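Coordinates in review
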Amino acid sequence: MTKGWKELPEGGLITEAGNAHKYETGDWRNLRPVHNPEKCINCLFCWIYCPDSAIIVKDGKVVGIDYAHCKGCGICARECPDRVKAIEMVDESEFE
Amino acid sequence: MATKELVARTGNEAMAEAMRQINPDVVAAYPITPATEIVQLFSAYVADGLVDTEFVTVESEHSAMSACVGASTAGARVMTGTSSQGLILMAEILYIAAGLRCPIVLAEVNRALSSPINIHCDHSDTMSVRDSGWIQIFSENSQEAYDNMIQAVRIAEHMDVRLPVMVTTDGFIISHGLEAISLLEDKEVQDFIGPYKAAYSLLDVEKPITVGGLDFTDFYFEHRRQTAEAMQNAKKVILDVGREFGEKFGRSYGFFEGYKLEDAEIALVLLGSTAGTARVAVDQLRAAGVKCGLLKLRVFRPFPAAELAEALKHLKAIAVMDRSDSLSTAGGPLFTDVRSALYDLPERPAIVNYIYGLGGRDITVEDLEGIYRELQRISGGGQVQETIQYLGVRE
Ligand code: SF4
Ligand code: SF4
């Protein structure tokens with residue numbers, strides 16, 4: 001049960017550091033970025049630009065997308081260099 | 001008890017003097033007539049090294065209140081001053097200051113709002129932000145302005161309250177009127193307000209926090225409810241602080257002050273400097289055998305509805321004096337609140353509303369005597385002809 005007004009910190013304060021991770025913005029998504037490792041040149045533009053830190057990188061390589069937090073804005077697909085276009089935005093309905 | 005002999009101070013000087021003695025950490029301000037002098041005098045105290053305050057000059061009142069909120073969330077004791085257009089330019093940030101529970105104290109000089117442009121007293125500016133979550137305390141004269149500023153710090157910073165407070169004077173009438181007042185010693189003020197203890201600080205790296213986070217359908221309502229509770233808590237704190245101030249310095253304060261009210265049959269209810277004029281009218285009519293009295297409201301937010309009903313319930317007829325017009329066509333802001341406060345009484349006094357003094361239009365003893373005469377007629381069984389009237393406007 002979410003806390004009532006008597007228990008919540010006053011002034012709308014968030015008193016816990018780094019708790020944005022608990023807020024799953026993934027359910028806002030209409031379009032899903034699908035990463036193609038065959039085309040990817042690992043320039044990491046998508047990783048830099050993603051506003052939700054949802055591009056998962058390991059050892060300098062894009063290894064996946066955190067769909068619990070990716071809100072589907074499409075910035076990664078837009079910033080991915082034109083000559084590779086390794087991220088495609090696909091309608092969520094395709095996955096149901 | 002009050003320690004010093006009387007000194008001559010205008011309302012602005014009295015408020016600036018209180019600010020010097022309070023010695024806040026930060027003052028961010030922008031000048032505006034008739035409040036300019038408060039922060040101008042204060043900036044001289046800063047330049048002369050009489051205070052330890054960081055004085056932030058800004059490009060507008062919107063920025064002034066924004067800087068105040070920033071400083072307050074960082075954990076500083078913060079004050080500012082403004083008036084009229086300046087206050088309503090701050091309006092957006094006034095709501096934010098209250099919502100973030102910043103105990104900022106603001107010296108506000110009541111002045112009419114544009115348009116047409118006017119620099120003189122009415123209460124339109126303060127009334128326009130009455131629902132912002134700020135505690136609003138009105139002063140009748142320089143002495144009250146000084147005393148209210150000092151009490152405001154204690155009220156705002158009380159842990160059960162943590163809300164901003166604006167202390168108001170009437171433009172030019174109080175702000176520029178020279179009066180004999182009694183000041184406290186610097187040490188007495190410091191001992192009374194005590195050191196500031198911030199509830200939180202953005203600069204505390206040991207306890208990282210987020211201030212001003214997004215609050216959706218799931219939390220916004222709860223946070224607004226908390227602010228309403230703080231306003232409720234403020235009622236007790238205002239009374240406690242007013243009583244303690246009286247015990248220490250000989251001048252006590254409550255939500256309002258009655259003048260010859262207990263045995264009165266008719267009374268005026270009003271705010272600010274007009275109370276002085278009304279006292280003279282009451283004395284003159286009392287000498288002629290009229291059972292009249294006065295209730296001067298000091299605290300407009302939170303609104304002491306139950307206490308007002310108790311203090312007014314024995315009257316036969318009341319005139320509520322509004323120095324601003326809501327333009328709702330249903331009366332001024334003080335009238336609608338007072339009338340609503342009386343609604344649950346088993347026997348309600350007759351009540352009328354006078355909108356007066358807009359843009360600094362003078363109000364005289366004769367004007368007020370005329371209203372008491374009308375109340376006499378109503379209390380004697382006469383019909384209320386017009387519930388809402390504009391006093392002293394040319395037809
Ligand atoms: S669509 Fe937007 S949120 Fe999702 S991974 Fe791409 S940039 Fe990040
Ligand atoms: S921007 Fe495109 S090419 Fe660059 S790392 Fe991301 S997916 Fe790969």
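The model shown is predicted, which means the values in this text are computed figures rather than measured ones. (Residues numbered from 1 in each chain as written. Chains lettered and ligands numbered in written order. Predicted model: local features only at pLDDT ≥ 70, side-chain atom pairs only at ≥ 80, totals over all residues. Heavy atoms only, no water.)

1. A word on the pairing of strand E7 (residues 165-170) of chain B
Residues and elements named next belong to chain B.
- Of all six residues that make up E7, six are buried, and the element is covered over most of its length.
- Residues of E7 alternate between two faces, with Val165, Val167 and Thr169 on one and Met166, Thr168 and Asp170 on the opposite face, all of them buried.
- Looking at chain direction, strand E5 (residues 105-110) and E7 are connected through six bridges and run parallel. Looking at E7, one finds that Glu108 is bridged to Thr168.
- Alignment of strand E6 (residues 135-138) against E7, held across four bridges, turns out to be parallel. Each residue of the ladder has a partner; that of Phe138, found in E7, is Thr168. (Buried < 20%, exposed > 50% of the residue type's maximum accessible area, 1.4 Å probe, protein only. Helix = DSSP H or I, 4+ residues; strand = E, 2+ residues; numbered from the N terminus. Pairing = 2+ DSSP bridges.)

2. Description of the packing of aromatic side chains
Residues and elements named next belong to chain B.
- What the rule picks out here adds up to nine aromatic pairs over all chains.
- Ring geometry for Phe245 versus Tyr253: centroids 6.0 Å apart, planes at 65 degrees, classification edge-to-face. A single burial state applies to Phe245 and to Tyr253, both of which are buried.
- Measuring from ring centre to ring centre gives 5.8 Å for Phe300 and Phe303, while their planes differ by 80 degrees; the resulting arrangement is edge-to-face. Judged on exposure class, the residue Phe300 and its partner Phe303 are both buried.
- Through pairs of rings, three or more aromatic residues link up here, namely Phe192, Phe245, Phe249 and Tyr253. (Phe/Tyr/Trp six-rings, centres within 6.5 Å; stacked < 30°, edge-to-face > 60°.)

3. Re helix H3 (residues 61-73) of chain B
Residues and elements named next belong to chain B.
- In this model, H3 (13 residues) spans 18 Å end to end at C-alpha, consistent with the 18 Å of a helix rising 1.5 Å per residue.
- Elements that come into contact with the buried residues of H3 comprise strand E2 (26-29), strand E4 (78-83), helix H4 (84-89), helix H5 (91-99) and E5.
- The N-cap of H3, judged by a side-chain oxygen 3.2 Å from the amide nitrogen of His62 a few residues on, is Ser60.
- A positive phi of about 110 degrees marks Gly75, the residue just after H3. (Expected span 1.5 Å × (residues − 1). Contact = heavy atoms within 4.5 Å. Polar contact = N/O pair within 3.5 Å; in protein donor to acceptor, adjacent residues only side chain to side chain.)

4. Points about the packing of helix H1 (residues 11-22) of chain B against helix H2 (residues 36-47) of chain B
Residues and elements named next belong to chain B.
- Between H1 and H2, the shortest axis-to-axis distance is 8 Å and the interhelical angle comes to 40 degrees. Viewed along their axes, H1 and H2 adopt a mutual orientation that is oblique. Read as a crossing pair, H1 and H2 show a hand that is right-handed. Contacts from Asn12, Glu13, Met15, Ala16, Glu17, Met19 and Arg20 of H1 reach H2 at Glu37, Ile38, Leu41, Phe42 and Tyr45. (Axes fitted to C-alpha atoms, helices over the stretch in contact; angles between N-to-C directions. Parallel < 35°, antiparallel > 145°, perpendicular 65-115°, else oblique. Left-handed = near helix turned anticlockwise from the far one by under 90°.)

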